[in-house]
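This is what each chain is made of:
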Amino acid sequence: MTEHLNPEISNIIHIPGLGAGTVQNVPGASVSDGPPADFFLGQDGVWQIRATKDDDEEAVRLCSPLRVVALCRRANGSGWGQVIEIEDEDGRSHTVILDAATLSGSASRVVAVLVSKGLVLARGAKVKEGIVELLNAWRPQLRLDLVDALGWTDGACSAFALADGRVLGNAQVYYPGASPELAASVRPHGSQSAWTRNIAEPCLGNPLAILAISQALSGPLLQFLGMQGGGFHLFGASSCGKSTLLQIAASVWGDATLVRSWRVTSNALEPIAAASSGTSLLLDELAEIDPRKLGEVAYLLANGQGKGRLGQKGELTPVFRWRVALLSSGEISIVAHIKAGGRHVHAGHQVRLVDIPADSRAFGAFDVLHGSTDGRVFSERLNRAALEYNGWAGPVFIEALMRNQSERDAMRRTVERFLAMVMRKHDLPQDAQVERVLKRFALAALAGELASKFGLTGWPKGAATMAMMSLVGEWLASQDCASRSKADMSIALTRDYLRTYSASRLSELGSLAVDRQDGWRDDAWFYLLPETWQRVHGDDAVEAARRHRSADLLKASKGHHQFRMPRKVEGQPRVYAVSARILRGPDEPLTAQ
């Protein structure tokens, strides 16, 4: 079992919150990268050698400890600056990026940025000027690429930046947005073997738990295989185990603070998503978000790009970008919450965040308790384990992916094979929206199988695939049931209307028109005027027509749900032509023999 990250592909770059860092700790730095001539570092801070009036030299203290760790720039060669490490009076380390434009400005402006991070100035003349002189002269050899998001640092997936400053791979990169809090969240606790034993192995026999682990691990596969972000929403009654599923998903990458609340604005979610790029974004309590905004946010998170904005001077500010595996939970479904806000549910909402019931298993969200007395005890057991053992599986999974770069095409074929297997097993017609949902399950299955192959889960080969196949079957059944129930309801409304009013409100085709007629009829068809159809089906009129047509109960002109009446009807109005077979009843076959 892998207990430590492979030193051959781990590249540790210090960022805030990881304790005292030095220039010598940074890959690529050398002894010559120390302070420039006429400056030196003492235990109490930075000193400058200055000439005195007597042509002698004296050491003048400038400030508390400060180091220029590296020079940095964006991949396109713009945005040059310095990565500066400061130690505050509490002994905590902070990393500051000073861009070249700021360094060329006034000494007071430069020093103000550093002081805000904890730098303490010494008393004396021209201290600020001395600090700026130091910074402009300190040119370390190390060059870091500034990246806008964590995760894979390039299109080739040759290196992966984690929020605590670790860079897996060979690229020298720095993510300026990482906070000490986020760095602390992903610091590993316990050991990989303990995580496997206490969290991953008890997931066996529990499809939703396997989904949670596998979905969290699928984050790195999105860019690795060229797939779009998105994920699953677990919904169900309170205290069924939904939050526990999010906790064990979080343990793949770090501690419980990685589980966020939906109670944020779309603007606030952008940096959160960027800080989760390449990993997983976990959101709890769906009811906390304004249902009128949910659809927009679902698109935003899955599409992986924030909004363009103008800066104070009218310039376009950098846009947040990310690719994340989403896992959400709440007591209501995505579809129900969007509808509660009076918004229309689009197919795109349902394929970006797939609704999965989480309270209908044998014990809430679980099926097998592995020795626990009930679902609550099992859930608490997993929660405790997630607090003790976390932050290992994700990075080790990434290292294993890097060692298997040549297997990318085989991984893509595995996804397609899962898709084909589901389509064949359930005899599904070609449907782009359904296939996109199935690919989400397929990617989770692949992640779970790879993690098992890499020795991370303790699951036997095929366990993740079987779990996803089981959940796919349940999802398809729920979709088919929902679709059928809506169709049956629409057809029942039309049938009830015709049985009640066809004789009194529909004229025989070819007879003289009567006042207040709703349409016409003959032996084979009922011809309902659009206003009649609207009255029967209300706001669902268009979908009702589509459902009747799918049931082969509606005669329509090419490209329209409506049918144009023949010339013997004055004005040849468009109508909804409903087959008389609809009166056979709900238990009789409707399709013509």
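Anything mentioned here points back to the structure above.
We now turn to the structure provided with this report. (Residues numbered from 1 in each chain as written. Predicted model: local features only at pLDDT ≥ 70, side-chain atom pairs only at ≥ 80, totals over all residues. Heavy atoms only, no water.)

## Focus: helix 19 (residues 541–550)
- Here helix 19 has its buried residues at Ala541, Ala544, Ala545, Arg547 and His548. Looking straight down helix 19, one finds its buried side chains confined to an arc of 165°; they lie on one side. Projecting away from the buried face of helix 19 at angles above 90 degrees are the exposed residues Val542 and Ser550.
- Immediately beyond the C-terminal end of helix 19, within one or two residues, lies Asp552, with a positive phi of roughly 60°. (Buried < 20%, exposed > 50% of the residue type's maximum accessible area, 1.4 Å probe, protein only. Helix = DSSP H or I, 4+ residues; strand = E, 2+ residues; numbered from the N terminus. Arc of directions from axis to C-beta.)

## With respect to the nonpolar core
- If you look at the biggest cluster of nonpolar residues, it comprises 120 residues, and the most contacted ones within it are Leu221, Phe441 and Met468.
- For this core, the leading source of residues is helix 16 (residues 432–453), giving eleven residues.
- With residues up to four places along the chain from it excluded, the contact list for Phe441 reads Phe232, Val354, Ile356, Phe418, Met468, Leu471, Val472 and Trp475.
- Judged by nonpolar contacts, the second largest core, of 22 residues, contains Phe39, Ala107, Val110 and Leu114. (Core = buried A, V, L, I, M, F, W, Y, C linked by side-chain atoms within 4.5 Å. Contact = heavy atoms within 4.5 Å.)

## Thoughts on the packing of aromatic side chains
- Counting across every chain of the model gives ten aromatic pairs.
- Ring centres of Phe397 and Phe454 lie 5.7 Å apart, and the angle between their planes is 55°; on these two criteria the pair is classed as tilted. Pair noted here: Phe397 is in helix 14 (residues 393–402) and Phe454 is in the loop between helix 16 and helix 17 (463–505), with a separation of 57 residues, a long-range link. Grouping residues by exposure puts Phe397 and Phe454 together as buried.
- The rings of Trp152, Phe160, Phe224 and Trp253 are connected pair by pair, giving a single aromatic cluster.
- Above the face of the Phe224 ring, Arg408 is positioned so that its terminal group lies 4.4 Å from the ring centre. (Phe/Tyr/Trp six-rings, centres within 6.5 Å; stacked < 30°, edge-to-face > 60°. Lys NZ or Arg CZ within 6 Å of the ring centre and 35° of its normal.)

## What to know about the environment of Arg584
- Along the chain, the position of Arg584 falls in the segment after strand 23 (574–579).
- Here the alpha-carbon distance between Arg584 and Arg495, two residues 89 residues apart in the chain, equals 9.0 Å.

## Here's the deal with a negative patch on the surface
- Taken together, the side chains of Asp38, Asp54, Asp55, Asp56, Glu57, Glu58 and Glu133 define an acidic patch exposed on the protein surface.
- Among the structural elements, Asp55 can be located in the loop between strand 3 (45–51) and strand 4 (57–63). (Patch = residues over 30% accessible without salt bridge, like charges linked within 9 Å, V, L, I, M, F, W, Y side chains within 5 Å. Areas by Shrake-Rupley, 256 points an atom, 1.4 Å probe, with all protein chains shown as cover. Salt bridge = Lys/Arg side-chain N within 4 Å of Asp/Glu carboxyl O. Lys, Arg positive; Asp, Glu negative; His and termini not counted. Charge placed at Lys NZ, Arg CZ, Asp CG, Glu CD.)

## A few points about the sheet that holds strand 8 (residues 143–146)
- Read from one edge to the other, the open sheet built from five strands follows the order 7-6-5-8-12, with strand pairing classed as mixed. Strands at the two margins of the open sheet, each flanked by one partner only, are strand 7 (93–99) and strand 12 (173–174).
- One ladder, built from six bridges, connects strand 5 (residues 66–74) with strand 6 (residues 81–87); its direction is antiparallel. Paired with Val68 across the bridge in strand 6 is Ile84.
- The strands touched by helix 2 (residues 107–115) are strand 5, strand 6 and strand 7; relative to strand 7, the strand with the most contacts, the crossing angle is about 155°.
- Across the sheet, helix 3 (residues 127–137) touches strand 5, strand 6 and strand 7, and the angle it forms with strand 5 is around 50°. (Pairing = 2+ DSSP bridges. Axes fitted to C-alpha atoms, helices over the stretch in contact; angles between N-to-C directions.)

## Things to note about the pairing of strand 17 (residues 353–357)
- The element strand 17 is extensively covered by neighbouring structure, given that four of its five residues are classed as buried.
- Bridge analysis of strand 13 (residues 230–235) against strand 17 gives five bridges, and the strand direction is parallel. Each residue of the ladder has a partner; that of His233, found in strand 17, is Asp355.

## Regarding the side chain of Thr102
- With respect to the helices, strands and loops of the structure, Thr102 is situated in helix 1 (residues 100–103).
- On the accessibility criterion, Thr102 (9% relative accessible area) is buried.
- Apart from the residues lying within four places of it in its own chain, the contact partners of Thr102 are Arg109 and Val110.

## A look at the packing of helix 6 (residues 207–217) against helix 8 (residues 242–250)
- Taken N-terminus to C-terminus, the directions of helix 6 and helix 8 make an angle of 35°; their axes are 8 Å apart at the nearest point. As for the relative orientation of helix 6 and helix 8, their crossing is right-handed in sense. For the pair formed by helix 6 and helix 8, the contact residues are Leu208, Ala209, Ala212, Ile213 and Ala216 on the first element and Leu245, Ile248 and Ala249 on the second.
- A per-class count over the contact of helix 6 with helix 8 returns eight nonpolar, no polar and no charged. (Left-handed = near helix turned anticlockwise from the far one by under 90°. Nonpolar A, V, L, I, M, F, W, Y, C, P; charged D, E, K, R; others polar.)

## Concerning the pattern of salt bridges
- Scanning the model with the defined rule gives 17 salt bridges in all.
- Note that Asp44 and Arg61 form a salt bridge whose closest N and O atoms lie 3.9 Å from each other. Placement of Asp44 in the loop between strand 2 (39–42) and strand 3 and of Arg61 in strand 4 is noted, with a sequence separation of 17 residues between them.
- What makes Asp44 partly exposed here is its relative accessible area of 38%.
- Across the pair Arg412 and Asp409 runs a salt bridge whose closest N-O atoms are separated by 2.8 Å. A residue pair is termed a helical-turn pair when its members lie 3 or 4 positions apart in one helix, as Arg412 and Asp409 do in helix 15 (residues 408–425) at three residues.
- On the basis of relative accessible area, Arg412 is assigned to the partly exposed category, the value being 33%.
- Here Asp409 falls in the partly exposed class, since its relative accessible area comes to 48%.

## Some details on the side chain of Ser372
- With respect to the secondary-structure elements, Ser372 resides in the loop between strand 17 and helix 13 (375–388).
- Of note is the side chain of Ser372, whose polar atom sits 3.1 Å from the side chain of Arg381.
- Dropping the residues within four chain positions of it, Ser372 is found in contact with Val377, Phe378 and Arg381. (Polar contact = N/O pair within 3.5 Å; in protein donor to acceptor, adjacent residues only side chain to side chain.)

## Considering the sheet that holds strand 13
- Reading across from one edge, 14-15-16-13-17 is the order of the five strands in this open sheet, with parallel pairing throughout. The strands lining the two open edges of the sheet, one partner per strand, are strand 14 (259–261) and strand 17. Between one strand and the next, the sheet's axes are offset by a mean angle of 25°, whatever the strand orientation.
- Bridging between strand 14 and strand 15 (residues 280–284) involves three bridges; their strand directions are parallel. Its bridge partner lying in strand 15, Arg260 is registered against Leu283.

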